Amino acid sequence: MSAAARSDGIFDQYTTIQWIAAVVVALLTFPIGIAVPAYFYIKTSNGTAREQGAWEAWAVILVGILGIIAVELAGETGAKIAIALALIGIPILLLLFAAVVGSFVIGMGNATAAALLAGVAV
């Protein structure tokens, strides 16, 4: 393969969708999220991004710094584990948050009803 036929641009090793997702993550989780596009830039500058598969790239995008650590330590296996934990952990965190908020709302509702029944000004 000749040098003219081979393209070594920094945006050639990851897809456009992956770069857009990395920038969106960086903007939504700034300043820590800036590590995601920076990681992609470093990997493409070194030329090692070609060795990564889709699992590794999406683990970095979806999980962030923990995804970077998982990919660097365990490769594709680490990426799959990181994505699985994220897909399981996020709904659990949302349920816990809903439970805390719900218990607060129910607790305040009961206190207000009890105060009104007792004739105390609320």
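Provided above is the structure to which this section pertains.
Numbering of residues starts from 1 in every chain and runs along the sequence as written. Two thresholds apply to this predicted model, a pLDDT of at least 70 for residue-level local features and 80 or more for giving and counting side-chain atom pairs, whereas whole-chain, interface and lining totals are computed over all residues. To obtain the side-chain values, all non-hydrogen atoms of the structure were included, while hydrogens and water were left out.

For any two helices packed against each other, the geometry comes down to the angle between their axes and how far apart the axes lie. Helix α3 (residues 54–63) packs onto helix α2 (residues 35–46) with a crossing angle of 155° between their chain directions and a minimal axis gap of 9 Å. As the angle between them shows, α2 and α3 are arranged roughly antiparallel. Here the hand of the crossing between α2 and α3 comes out right-handed. Across from V36, Y39 and F40 in α2, the residues of α3 making contact are A57, V60 and I61. Note that Gly is not counted as nonpolar here; it falls among the polar residues with everything else outside the nonpolar set of Ala, Val, Leu, Ile, Met, Phe, Trp, Tyr, Cys and Pro and the charged set of Asp, Glu, Lys and Arg. By residue class, the composition of the contact of α2 with α3 is six nonpolar, no polar and no charged. The angle between two axes is taken between their N-to-C directions and runs from 0 to 180 degrees, where each axis is a line fitted to C-alpha atoms and a helix contributes only its stretch in contact. Segments assigned H or I by DSSP are reported as helices when at least four residues long, segments assigned E as strands when at least two residues long, and all are numbered from the N terminus. Any angle between 65 and 115 degrees counts as roughly perpendicular, while under 35 counts as roughly parallel, over 145 as roughly antiparallel, and the rest as oblique. Left-handed is the label given to a crossing in which the near helix is rotated counterclockwise from the far helix by less than a right angle, and right-handed is the label when the rotation is clockwise. In what follows, residue pairs with any heavy atoms lying within 4.5 Å of each other are defined as contacts.

On to unusual backbone geometry. That bond from F30 to P31 is cis: its omega, 5°, falls within 30 degrees of zero. With respect to the secondary-structure elements, P31 resides in the loop between α1 (16–28) and α2.

A few words now on the packing of aromatic side chains. The rule is short: rings of Phe, Tyr and Trp, with Trp giving its six-membered ring, pair when the centres are within 6.5 Å, and they are stacked under 30 degrees, edge-to-face over 60, tilted in between. If you walk through the whole model with that rule in mind, you get four aromatic pairs. Here W19 and F40 contribute two aromatic rings whose centre-to-centre distance is 5.7 Å and whose plane-to-plane angle is 75°, an arrangement assigned as edge-to-face. Linking W19 in helix α1 with F40 in helix α2, this pair joins segments that are 21 residues apart in sequence. A single burial state applies to W19 and to F40, both of which are buried. Here Y39 and F40 contribute two aromatic rings whose centre-to-centre distance is 6.3 Å and whose plane-to-plane angle is 45°, an arrangement assigned as tilted. Per-residue accessibility, obtained with a 1.4 Å probe over protein chains only, is compared with the maximum for each type, and a residue is labelled buried under 20%, exposed over 50%, and partly exposed between these values. On the basis of relative accessible area, Y39 is assigned to the buried category, the value being 9%.

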